[in-house]
Amino acid sequence: MGNKVTAVIVTYNRCAKLQKALDIYMASKVSDIIVVNNASTDGTDDFLRTLADPRIHLLSLPENSGGAGGFHEGMKYAHTTLNDYDWILVQDDDAYPDIDALNRFINSAEPRDMDAIISAVYYPEGGLCEMNRPGFLPFKDLKQSLATLRKGNSGFHIDSSYYLDKRSCSVDFASFVGLFISKRIVEKMGFPDKDWFIYGDDLDYTTNFTRAGFQMIFDPKLVFYHDCQSLNAGNVNQKTYSSLWRAYFMYRNGVIIYKKLAGNLFFLVFLYKLLSWILASKAYEDKMKYFKLLWVSIKDGLNGDRRKKIKDVNGIVG
């Protein structure tokens, strides 16, 4: 398999950070750069139209379709319109690759028989970006289930020693930051499901293809940086949101994915997550709105209902 890379970047109202990512990509040896603009209102479209690099392809969507919709459209364009790639590399607009590592990947003559490769993702200051730490299906066998129940998140995410020792390993899920997806996966699995809107689309897509038998490798020699706000105290379960509509999608999508992955242990996992979400209410001033949204997100999650959009959620919380 060759090393021809098409990058897909999804952006929404982060033009300055997008410019940094594009500067790096335009200086790299990637073949094509697809930017999916999710109806930004900060001048992103105007900026993109000033770029003369012929490798840049701009997809301007009529409304914000979230990360899920953006990656769906970007990968679809890469596969059906361009179709001249070996790997699709996906990332958010606030991330960027280590250009030397990316170019070494592209220039390498080393044969690769894996189907997907996930990079090591760090904060710009150097710490590990916890939200982008890959891992294993939490309940795929008895040993893994016990580790998950005993250790929580750390029981099914790769250990930090893999980063420190520069060791590769096989993983079951990864985020859409620094993820190289082979053409054979796209040909078999299609594109990410746009109905997730935000949160969970990457977990859903990667677990679908690893469950289908495709192999994904964590490669610490491939390095990305994610210039995002760190999680509160490093605890994923206690993450809070400045916009309540974000919490709705995280909770709703989380319930759906927990049902998919936990199987017979779903009720136990759900109770644990519900407790963490209730405790998170301490961070919100208007607790009535928070609990109203929490109730709706859980109800929709249990019913598998992914029809609500941002305007619907904002209508719930006023």
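Look above for the structure.
One structure accompanies this document, and this report is about it. Small disclaimer: the values here were computed from a predicted structure and weren't measured.

## What to know about the packing of aromatic side chains
Alright, step 1. Throughout the structure, instances matching the rule amount to 18 aromatic pairs.
Alright, step 2. Each residue in the set Tyr 251, Trp 277, Tyr 284, Tyr 290 and Phe 291 is aromatic and connected to the rest through ring pairs, giving one cluster.
Alright, step 3. Directly above the aromatic system of Tyr 162 lies the positively charged group of Arg 167, at a separation of 4.2 Å from the ring centroid.
Alright, step 4. Of note, Arg 306 hangs over the ring of Trp 196, and the distance from its end group to the ring centre comes to 4.5 Å.

## Overview of the side chain of Thr 11
Alright, step 1. With respect to the helices, strands and loops of the structure, Thr 11 is situated in strand 1 (residues 5-11).
Alright, step 2. A distance of 2.8 Å separates polar atoms of two side chains, one belonging to Thr 11 and the other to Asp 93.
Alright, step 3. Once residues lying within four places of it in the same chain are set aside, the contact partners of Thr 11 are Leu 18, Val 35, Val 36, Asn 37, Asn 38, Ser 40, Thr 44 and Asp 93.

## Section: unusual backbone geometry
Alright, step 1. Positive phi values are uncommon outside glycine, yet Ala 39 reaches one of about 60 degrees.
Alright, step 2. For Ala 39, the location among the structural elements is in the loop between strand 2 (32-37) and helix 2 (44-48).
Alright, step 3. We classify Ala 39 as partly exposed; its relative accessible area is 23%.
Alright, step 4. A positive phi is found at Phe 197, a non-glycine position, where the angle reads about 65 degrees.

## Digging into the environment of Glu 73
Alright, step 1. In this fold, Glu 73 is placed in helix 3 (residues 66-82).
Alright, step 2. Judged by its relative accessible area of 23%, Glu 73 is partly exposed.
Alright, step 3. The contacts of Glu 73, once residues within four sequence positions are left out, are Leu 59, Leu 61 and Lys 194.
Alright, step 4. At 3.1 Å, the side chain of Glu 73 forms a polar contact with the side chain of Lys 194.

## Some words on the packing of helix 9 (residues 244-262) against helix 12 (residues 310-317)
Alright, step 1. The geometry of helix 9 relative to helix 12 is characterised by a closest axis approach of 9 Å and an angle of 110 degrees between their N-to-C directions. If you check the angle between helix 9 and helix 12, you find them roughly perpendicular. Viewed along their axes, helix 9 and helix 12 form a crossing whose handedness is right-handed. Along its contact with helix 9, which presents Leu 244, Trp 245, Tyr 248 and Phe 249, the element helix 12 presents Ile 310, Val 313, Asn 314 and Val 317.
Alright, step 2. Taken together, the residues of the contact of helix 9 with helix 12 break down into 7 nonpolar, 1 polar and no charged.

## Regarding the packing of helix 10 (residues 266-279) against helix 11 (residues 287-303)
Alright, step 1. It is at 12 Å that the axes of helix 10 and helix 11 come closest, and there the two elements cross at 160 degrees. In terms of their interaxial angle, helix 10 and helix 11 are classed as roughly antiparallel. With respect to the hand of their crossing, helix 10 and helix 11 are arranged in right-handed fashion. Between helix 10 and helix 11, the residues in contact are Phe 266, Phe 270, Leu 274, Trp 277 and Ile 278 and Tyr 290, Phe 291, Leu 294, Ile 298 and Leu 302, respectively.
Alright, step 2. Class assignment for the residues of the contact of helix 10 with helix 11 results in 10 nonpolar, no polar and no charged.

## Quick notes on the side chain of Arg 55
Alright, step 1. Relative to the helices and strands, Arg 55 is located in the loop between helix 2 and strand 3 (56-60).
Alright, step 2. By relative accessible area, Arg 55 is classed as buried at 18%.

## Considering helix 10
Alright, step 1. For helix 10, spanning 14 residues, the distance from its first C-alpha to its last is 20 Å, which sits close to the expected 20 Å at 1.5 Å a residue.
Alright, step 2. The set of residues buried in helix 10 consists of Phe 266, Val 269, Phe 270, Lys 273, Leu 274, Ser 276 and Trp 277. Taken end-on, helix 10 shows its buried residues confined to a sector of 160 degrees, consistent with a single buried face.
Alright, step 3. Check the buried side of helix 10 and you find it contacts helix 9 and helix 11.

## What to know about the pairing of strand 4 (residues 87-92)
Moving residue by residue along a regular strand, the side chains alternate between the two faces of the sheet.
Alright, step 1. With 5 of 6 residues buried, strand 4 lies mostly within the body of the structure.
Alright, step 2. Across 6 bridges, strand 1 lies against strand 4 in parallel orientation. Counterpart to Val 5 in the pairing with strand 4 is Trp 87.
Alright, step 3. Across 4 bridges, strand 4 lies against strand 8 (residues 179-182) in antiparallel orientation. Bridge assignment links Trp 87 to a residue of strand 8, and that residue is Ser 182.

## Overview of the state of the cysteines
Alright, step 1. Taken as a whole and assessed by the stated rule, the structure comprises 0 disulfides.
Alright, step 2. No disulfide involves Cys 15; its nearest neighbouring cysteine sulfur is the one of Cys 228, lying 19 Å away.
Alright, step 3. Here Cys 228 is not disulfide-linked; the sulfur of Cys 129 is the nearest cysteine sulfur, at 4.0 Å.
Alright, step 4. Residue classification places Cys 228 among the buried residues on the basis of a relative accessible area of 17%.

## Some thoughts on the pattern of salt bridges
Alright, step 1. Taken as a whole, this structure holds 17 salt bridges when the rule is applied.
Alright, step 2. Across the pair Lys 221 and Asp 219 runs a salt bridge, and its minimum N-O distance is 3.3 Å.
Alright, step 3. The exposure class assigned to Lys 221 is exposed, which follows from its relative accessible area of 55%.
Alright, step 4. Close ionic contact of Asp 305 with Arg 307 constitutes a salt bridge, the shortest N to O distance being 2.8 Å.
Alright, step 5. Its relative accessible area of 14% is what places Asp 305 among the buried residues.
Alright, step 6. One salt-bridge network, held together by shared partners, links Arg 14, Asp 93 and Asp 94.

Rules used in this analysis
- Think of each chain on its own: its residues are numbered from 1, step by step along the sequence as written.
- Note on the predicted model: pLDDT of at least 70 is required for a residue's local features to be given, and 80 or more for side-chain atom pairs to be given and counted; whole-chain, interface and lining totals, by contrast, use all residues.
- For side-chain calculations, the full set of non-hydrogen atoms in the structure is used, while hydrogens and water are omitted.
- Ring geometry is summarised as follows: Phe, Tyr and Trp rings, the Trp one being its six-membered ring, pair when their centres sit within 6.5 Å, and such pairs are stacked at plane angles under 30 degrees, edge-to-face over 60 and tilted between the two.
- Our definition puts a charge over a ring when NZ of Lys or CZ of Arg is within 6 Å of the ring centre and also within 35 degrees of the ring normal.
- Under the scheme used here, helices are H or I runs from DSSP no shorter than 4 residues and strands are E runs no shorter than 2 residues, and both carry numbers assigned from the N terminus.
- Whenever two N or O atoms come within 3.5 Å, that pair is a polar contact, provided that in protein one can donate a hydrogen and the other can accept it, and provided that, for residues adjacent in sequence, both atoms are side-chain atoms.
- In this analysis, two residues are considered to be in contact whenever any of their non-hydrogen atoms come within 4.5 Å of each other.
- Here the term buried applies to any residue with accessible area under 20% of the maximum for its type, exposed to any over 50%, and partly exposed to those in between, with areas from a 1.4 Å probe on protein chains only.
- Angles shown run from 0 to 180 degrees and are taken between the N-to-C directions of axes, each axis being a line fitted to C-alpha atoms and, for helices, limited to the stretch in contact.
- The scheme is simple: roughly parallel for angles under 35 degrees, roughly antiparallel for over 145, roughly perpendicular for 65 to 115, oblique for anything else.
- Helix crossings get a hand from a simple test, with the near helix turned counterclockwise from the far one by less than a right angle marking a left-handed crossing and a clockwise turn marking a right-handed one.
- Polarity classes work like this: nonpolar for Ala, Val, Leu, Ile, Met, Phe, Trp, Tyr, Cys and Pro, charged for Asp, Glu, Lys and Arg, and polar for all others, with Gly in that last group.
- Expected span of a helix: the number of residues minus one, times 1.5 Å.
- The directions considered for the arc are those from the helix axis to the C-beta atoms.
- For two strands to count as paired, DSSP must find a minimum of two bridges between them.
- Throughout, a disulfide means two cysteine sulfur atoms within 2.5 Å of one another.
- Throughout this description, the term salt bridge denotes a Lys or Arg side-chain nitrogen within 4 Å of a carboxyl oxygen of Asp or Glu.

So far we have only geometry, and geometry alone does not tell us how the molecule works.
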